[in-house]
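This is what each chain is made of:
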Amino acid sequence: MNLHFTEQEEAFRREVRAWLATQLEGELAEFAALRGRGGPGDEHASLEGRLVWERTLGAAGWTCVGWPKEYGGRGASLNEQVIYHEEYARARAPGRLGHIGETLLGPTLIAFGTEAQRKRFLMPIARGEELWSQGYSEPNAGSDLANVQTRAELVGDEWVVTGQKTWTSLAHCADWCFVICRTDPSAPKHKGLSYLLVPMKQSGIEIRPIEQMTGNSEFNEVFFEGARTHKDNVLGPVNGGWKVAMATLAFERGASTLGQQLFFENELKEIIDAANANGSSRNPIIRQRIADAWIGLKVMRMNALRTLSLMQGGELRREAMIAKLYWATWHRNLGKLAMDVLGQDAEIVAPGYELTPLQRLFLFSRADTIYAGSNEIQRNIIGERALGLPPEPRIPEGKA
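Residues numbered from 1 in each chain as written. Predicted model: local features only at pLDDT ≥ 70, side-chain atom pairs only at ≥ 80, totals over all residues. Heavy atoms only, no water.

Caption draft 1: View of the overall build of the protein. A count of helical and extended segments in the protein gives 12 helices and 7 strands. The C-alpha atoms of the protein give a radius of gyration of 22 Å, which matches the 21 Å a tight globule of 400 residues would have. Along the three orthogonal principal directions, the C-alpha set of the protein runs to about 70 × 55 × 50 Å. Counting only residues that meet the buried cut, the protein has 48% of its 400 residues in that class. By sequence separation, contacts in the protein at least 24 residues apart represent 71% of the contacts at least 6 residues apart. Surface accessibility of the protein: about 19,800 Å² in total, with carbon and sulfur atoms responsible for 54%. Each charge sign in the protein was given a centre, from 45 positive and 49 negative side chains, and these centres are 4 Å apart. (Helix = DSSP H or I, 4+ residues; strand = E, 2+ residues; numbered from the N terminus. Rg over C-alpha atoms; globule rule 2.2 N^0.38 Å. Buried < 20%, exposed > 50% of the residue type's maximum accessible area, 1.4 Å probe, protein only. Contact = heavy atoms within 4.5 Å. Areas by Shrake-Rupley, 256 points an atom, 1.4 Å probe, with all protein chains shown as cover. Lys, Arg positive; Asp, Glu negative; His and termini not counted. Charge placed at Lys NZ, Arg CZ, Asp CG, Glu CD.)

Caption draft 2: The arrangement of the packing of helix α1 (residues 7-24) against helix α2 (residues 47-59) in detail. Viewed as axis vectors pointing N to C, α1 and α2 meet at an angle of 145°, and their least axial separation amounts to 13 Å. The way α1 lies across α2 gives a crossing that is right-handed. For the pair α1 and α2, the contacting residues are Trp 19, Leu 20, Gln 23 and Leu 24 in the first and Trp 53, Thr 56 and Leu 57 in the second. (Axes fitted to C-alpha atoms, helices over the stretch in contact; angles between N-to-C directions. Left-handed = near helix turned anticlockwise from the far one by under 90°.)

Caption draft 3: How the structure looks around α2. Between its first and last C-alpha atoms α2 spans 18 Å; for 13 residues at 1.5 Å apiece the expected length is 18 Å, and the two agree. Those residues of α2 not exposed but buried are Arg 50, Leu 51, Trp 53, Glu 54, Thr 56, Leu 57 and Gly 58. Of the residues trailing α2, Gly 61 is marked for its positive phi of about 80°. (Expected span 1.5 Å × (residues − 1).)

Caption draft 4: Focus on the pattern of salt bridges. All chains considered together, the criterion is met by 22 salt bridges. Asp 157 serves as the salt-bridge partner of Lys 231, at 3.5 Å between the closest nitrogen and oxygen. On the criterion of sequence distance, the pair formed by Lys 231 in the loop between β7 (219-230) and α6 (241-251) and Asp 157 in the loop between β2 (151-155) and β3 (158-165) is long-range, its members being 74 residues apart. Using a relative accessible area of 38% as the deciding quantity, one classes Lys 231 as partly exposed. The network of salt bridges with common partners includes Glu 10, Arg 13, Arg 17, Glu 86, Glu 87, Arg 90 and Arg 301. (Salt bridge = Lys/Arg side-chain N within 4 Å of Asp/Glu carboxyl O.)

Caption draft 5: Looking closely at the side chain of Thr 150. Structurally, the position occupied by Thr 150 is in the loop between β1 (132-135) and β2. Looking at Thr 150, its side chain comes within polar contact range of the side chain of Glu 138, at 2.8 Å. The residues touching Thr 150, leaving out its near neighbours within four places in the chain, are Glu 138, Val 161, Thr 162, Gly 163, Gln 164, Lys 165, Val 179, Ile 180, Cys 181 and Arg 182. (Polar contact = N/O pair within 3.5 Å; in protein donor to acceptor, adjacent residues only side chain to side chain.)

Caption draft 6: Representation of the state of the cysteines in the model. Here the structure, examined in full by the defined rule, presents 0 disulfides. With no disulfide of its own, Cys 177 lies closest to Cys 181 among cysteine sulfurs, the gap being 8.9 Å. Taking the relative accessible area as the measure of exposure, Cys 177 reaches 1% and is therefore buried. The exposure class assigned to Cys 181 is buried, which follows from its relative accessible area of 0%. (Disulfide = S-S within 2.5 Å.)

Caption draft 7: Geometry of unusual backbone geometry. Residues other than glycine seldom take positive phi values, yet Arg 92 does so here, at roughly 55°. Looking at the element boundaries, Arg 92 is found in the loop between α3 (78-90) and α4 (99-112). Using a relative accessible area of 40% as the deciding quantity, one classes Arg 92 as partly exposed. Here Asn 239, not a glycine, exhibits a phi torsion of approximately 70°, which is positive.

Shown next as structure tokens:
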């Protein structure tokens, strides 16, 4: 297991760091005002400025760094991708608006798309010109994704889509959505599904924001009422979308998540600064919890580096399966620590004012153990797939 980067990789790190510093640091930096904005719980911030930032990244070749060069990427190695995401977080660069297209759809298109689909969709993502959203979850299809009821029927040269998706991140500013639809209602649950690419700017789509307890609404309900997309906009085989959808979820555990602990490190530093400023750092219990959070962050980083080292052969090892459960629980506890450090100030939000970053951290981190696979689901995955335990007993349909 190699936990170190080569000199060539460290040179790449210096290149990334220098470019980000030029754009984000100092009074004359074009995007200095966007630093630290637009992350989790803050997705509503500076949308127009972050759209410009996406295109600036794309023009300079700093999006999609792991994609092949012919599709707009840099062909960066896995180590270089991790370095890029580390430096991006360390620089407190703006929250990405194009991450769904870059980290989820793009790799899926490269793996399953036709060459015509790759030529049509990949370069606009890499240039920051088209934004994507993900149409997976439904009111009755969350953890049980195979239960999706949104339907698509081929009428002439177009698929006509009818149904509802929910928890759709950034749907309100997306140009496209990849939608899991049932195209053969008579097939068993995991069969008869197709993976459609659907344009969002059309009359057959209604988007309703879901207001969260943070006061913002980066999630949405999306209603498809006869929405249309061309018959060629199917990724993978018709009625064979389940395999494609599972591949997208696998890409979600990619290099960007291995670099996320640098973002968490920024949050921990802010908590430490607050503790020092208000004197709560003198409380021995608070001091111990800060130390425990720091230790947990280092454990997270070591496991990320271990996972990276073990993935060099291209296989996702079982050691990677603990990552989501670990960081989600750790981050939720970090939000609790932030509130206890702030004390009574944590409970005060003056009318007309925004939440502070630490208040947003606490509220948004409550969802960490639910989205992208709840802690309960993660424990089942670890038990069954990593440890080889017997599957959880299932209640036969109709006997519940």
